[in-house]
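Take a look at the letters that make up each chain.
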Amino acid sequence: EFRIDLPYSIKSNNEQYMVLIKIVDLDANYAYYTVPKIDPSVYLVAQLSKLDELGLVPAEANIFFDGSYVGETYIDPTTMEDTLTLSMGRDPNIVVKRLLMKKECKEKIVGDKKEKIMAYSIEIKNLKATGIELIIEDQLPITQNADILIEPIDLGKAEYDTRTGMIKWKIELKTKASRFLHYSYTVTFNND
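Residues numbered from 1 in each chain as written. Predicted model: local features only at pLDDT ≥ 70, side-chain atom pairs only at ≥ 80, totals over all residues. Heavy atoms only, no water.

A. Structural view of unusual backbone geometry. Positive phi values are uncommon outside glycine, yet N14 reaches one of about 65°. Looking at the secondary structure, you find N14 in the segment before strand 1 (28-35). For K176, which is not glycine, the phi torsion reads 60° and is therefore positive. Judged by relative accessible area, K176 falls into the exposed class, the value being 60%. (Helix = DSSP H or I, 4+ residues; strand = E, 2+ residues; numbered from the N terminus. Buried < 20%, exposed > 50% of the residue type's maximum accessible area, 1.4 Å probe, protein only.)

B. Inspection of the pairing of strand 12 (residues 166-173) at higher detail. On strand 12, burial follows the alternation: I167, W169, I171 and L173 on one face are buried, whereas M166, K168, K170 and E172 on the facing-out side are not. Sheet topology places strand 11 (residues 159-160) next to strand 12; two bridges connect them, and they run antiparallel. When the sheet's bridge partners are listed, Y160 is paired in strand 12 with I167. In sequence, strand 11 turns back onto strand 12 through a hairpin of five residues, with G165 there showing a positive phi of about 80°. (Pairing = 2+ DSSP bridges.)

C. Looking closely at the sheet that holds strand 2 (residues 39-49). Reading across the sheet, the six strands line up as 5-2-1-9-12-11 and stay open at both edges, with mixed pairing between neighbours. The sheet is open, and its two edges are formed by strand 5 (83-90) and strand 11, each paired on a single side. In this sheet, strand 12 lies alongside strand 9 (residues 132-139) in antiparallel orientation, the contact comprising eight bridges. Note on strand 12: the bridge partner recorded for I136 is W169.

D. The arrangement of the packing of aromatic side chains in detail. One pass over the structure, following the stated rule, counts four aromatic pairs. With centroids separated by 6.3 Å and ring planes inclined at 55°, the aromatic side chains of Y30 and F65 adopt a geometry described as tilted. Of this pair, Y30 sits in strand 1 while F65 sits in strand 3 (residues 59-65), placing them 35 residues apart in sequence. Judged by relative accessible area, which is 43%, Y30 ranks as partly exposed. Residue F65 is classed as partly exposed on the basis of its relative accessible area, which comes to 26%. Aromatic pair F64 and Y69: ring centres 5.5 Å apart, planes at 70°, arrangement edge-to-face. Taken together, the aromatic side chains of Y120, W169 and Y183 make up a single cluster linked through ring pairs. (Phe/Tyr/Trp six-rings, centres within 6.5 Å; stacked < 30°, edge-to-face > 60°.)

Dropping the structure here:
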């Protein structure tokens, strides 16, 4: 049951009509987000909280940003946590490149084991006219094989989840600025 505060006159001609039930302004936290291992694009993400107070029902939702249609999503408040995260689309003014640093990658044999060092660099350029807050995620490989050992060497100032291998940086980048992030790890495995 919905209480509709807006007055409507709806014809009783057995046709379907769509009416606006309520308009609510919500505060959102915005951040830019990228996973360059998978996609070099950077996406603006909005996080909305306190949605349980709105009494939403499961439904499709159209997403508009700055008056432009971005896309649609499905919102199901019965399965949501208290914060809803929505992608507001890709931003071409933030450029991210992930590169394998071949000069730092080395392989050596230690007894009956082989040790391989892997190193990566992530370059971020902010071409926007404003500063941004950016979340960058990557991942170290993980293994269930006891004969393979994967250990981080240098993760910079990234947060590291040992269970999933996920590494995450939260950085602020001023307008027209660039930044490099580096990380490296070793993989030790049987020679055969």
